[in-house]
Amino acid sequence: MRKWITVGLVALVWVGSARAEVKLFAKYDWKDGAKDVAGGAIRHDGVLAPDASIVDGKLVVDRWDGVTLGKIPELNGANEALFRFEDVTFDRFDDLGSQRSSSYPVFLGDGMKWWAAAYFTFLPESELGLKTRLVFNIGGFRGGAALTAEVADEVVTHFDSIEYRLNGNAPVNERFAIRWNDGPWVVGGTGDDWANSIPVTELVRINNGASADWDPMWGSMGTVSLSSNVVVPEPGVWGVVGMMGMALGVRRRRRTKVD
């Protein structure tokens, strides 16, 4: 009997750390605040910052204000992930001045550890020119891997959709994929081979430029969908694991006393 309890305990723990196919774990359609409508057993309801708002089914962000999602176990260590942002509009940009050449409205991430972002340059007379790029990075400024996708030689202020995809099992030069407006995927990547999964994340936030010391975002977005290949057991499963562990411990102590 003890053998089967041990096997069952190990099996349940294994489920908690398993990697499976990429599945939707959180979705925000902004019809009931920042409520997660994915329908999963674990809800990841967000918290709107004071100056963020919901208008006509879209999240409207003002400067640093976005939606805090907090800890999301489905992202910790995920080596496959997909983030989709629909109906994204950039209303305006910061006052760049003569020395500023770029702006990073960041969608989500954990400080400087990783990000999915849009990148703009605004100096038509410089070597940078007018550009719109989309960036997916793991590892941050201190080293990691990333893909930068060229969108246009102009400032694009609206996207029907933007998607960022990670396949950490692939070589670095095939690890990332980005697409917009449901067009073809741009696949690639450069950097360190160790950056093959989402780092342990304490704070996930939509419009997370402030914690990364980047520029703010003024704009709006429609439905946001987050998917990964990390399987997280329902809260009740961990209760069963704990009870099985306690039962096994009691049985061992009793057997030790009898012996």
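Residues numbered from 1 in each chain as written. Predicted model: local features only at pLDDT ≥ 70, side-chain atom pairs only at ≥ 80, totals over all residues. Heavy atoms only, no water.

Draft legend 1. Main features of the overall build of the protein. Of the regular secondary structure elements, the protein holds two helices and 18 strands. Residues counted as buried form 47% of the 259 residues belonging to the protein. Across the protein, contacts joining residues at least 24 apart in sequence account for 65% of those joining residues at least 6 apart. On the protein, roughly 13,000 Å² of surface is accessible, and the fraction owed to carbon and sulfur atoms is 52%. (Helix = DSSP H or I, 4+ residues; strand = E, 2+ residues; numbered from the N terminus. Buried < 20%, exposed > 50% of the residue type's maximum accessible area, 1.4 Å probe, protein only. Contact = heavy atoms within 4.5 Å. Areas by Shrake-Rupley, 256 points an atom, 1.4 Å probe, with all protein chains shown as cover.)

Draft legend 2. Inspection of the pattern of salt bridges at higher detail. Under the counting rule described, the total for this entry stands at eleven salt bridges. Here Asp45 and Arg43 are joined by a salt bridge, their closest N and O atoms 2.7 Å apart. Overall, Arg43 belongs to the partly exposed group, its relative accessible area being 46%. Between Lys131 and Asp153 there is a salt bridge, with the nearest N and O atoms lying 2.5 Å from each other. Here the residue Lys131 occupies a position in strand S10 (residues 129-138), and Asp153 occupies one in the loop between strand S11 (145-152) and strand S12 (158-167), the gap between them amounting to 22 residues. Salt bridges linked by common partners bring Arg84, Glu86, Glu163, Arg179 and Asp182 together as one network. (Salt bridge = Lys/Arg side-chain N within 4 Å of Asp/Glu carboxyl O.)

Draft legend 3. Seen up close, the confidence of the model for the protein. A residue-level look at the protein finds 76% of positions with pLDDT of 70 or above and a mean pLDDT of 81. Note on residues 1-18: pLDDT is under 50 here. Beyond four places in sequence and across chains, it has 27 contacts. Confidence drops under pLDDT 50 across residues 237-245; counting only partners more than four residues distant or on other chains, this segment forms twelve contacts. (pLDDT = per-residue confidence, 0-100.)

Draft legend 4. Main features of the sheet that holds strand S5 (residues 67-70). Strand order across the open sheet formed by three strands is S2-S5-S16, with antiparallel pairing between neighbours. On the outer flanks of this sheet lie strand S2 (47-48) and strand S16 (204-206), each paired with one strand and no other. Sheet topology note: the S2/S5 ladder contains two bridges and is antiparallel. Each residue of the ladder has a partner; that of Val47, found in S5, is Thr68. (Pairing = 2+ DSSP bridges.)

Draft legend 5. Structural detail: the nonpolar core. Core analysis: the largest hydrophobic core is formed by 52 residues, its most contacted members being Phe83, Phe107 and Tyr164. Counting residues in each nonpolar core, the second largest holds six residues, with Ala117, Tyr119, Val135 and Trp214 among its members. (Core = buried A, V, L, I, M, F, W, Y, C linked by side-chain atoms within 4.5 Å.)

Draft legend 6. Representation of the layout of surface pockets within the structure. Looking at the largest pocket, its volume works out to about 300 Å³. Leu24, Phe25, Glu74, Val230 and Val232 are, among the 15 residues lining the largest pocket, the residues nearest its centre. Those elements that provide at least two residues to the lining of the largest pocket are strand S1 (19-28) and strand S18 (224-230). In terms of residue count, the dominant contributor to the lining of the largest pocket is S1 (five residues). (1 Å grid on protein atoms, 1.4 Å probe; cavity = no way out; pocket = protein on both sides within 12 Å on 5 of 7 lines; lining within 4 Å. Points joined across faces, edges and corners; volume = space filled by probe spheres on them.)

Draft legend 7. Fine view of the pairing of strand S13 (residues 176-180). Here S13 lies mainly inside the structure; five of its five residues are buried. What you see with S13 is no split at all: Phe176, Ile178 and Trp180 on one side and Ala177 and Arg179 on the other are buried throughout. Relative to S13, S12 is paired through five bridges, and the arrangement is antiparallel. By the bridge assignment for S13, Arg165 is matched with Ala177. The pairing of S13 with strand S14 (residues 186-188) spans three bridges and is classified as antiparallel. Residue Phe176 lies in a different strand from S14, and its bridge partner there is Gly188.

Draft legend 8. Fine view of the packing of aromatic side chains. Enumeration according to the criterion identifies eleven aromatic pairs in this entry. Plain terms: the ring middles of Phe85 and Tyr164 are 6.2 Å apart, the flat faces sit at 85 degrees to each other, and that makes the pair edge-to-face. Of the two residues, Phe85 is situated in strand S6 (residues 80-92) and Tyr164 in strand S12; the sequence distance between them amounts to 79 residues. As far as burial versus exposure is concerned, Phe85 and Tyr164 are alike and both buried. Taken together, Phe83, Phe85, Phe90, Phe107, Trp114, Phe120, Phe136, Tyr164 and Phe176 form an aromatic cluster joined through their ring pairs. (Phe/Tyr/Trp six-rings, centres within 6.5 Å; stacked < 30°, edge-to-face > 60°.)

Draft legend 9. Representation of the side chain of His44 within the structure. Residue position: His44 is located in the loop between S1 and S2. Residue His44 is classed as buried on the basis of its relative accessible area of 5%. Polar contacts involving the side chain of His44 include one to the side chain of Glu74, which spans 2.9 Å. When neighbours within four sequence positions are excluded, His44 is seen to be in contact with Phe25, Ala26, Tyr28, Asp36, Lys71, Ile72, Pro73 and Glu74. (Polar contact = N/O pair within 3.5 Å; in protein donor to acceptor, adjacent residues only side chain to side chain.)

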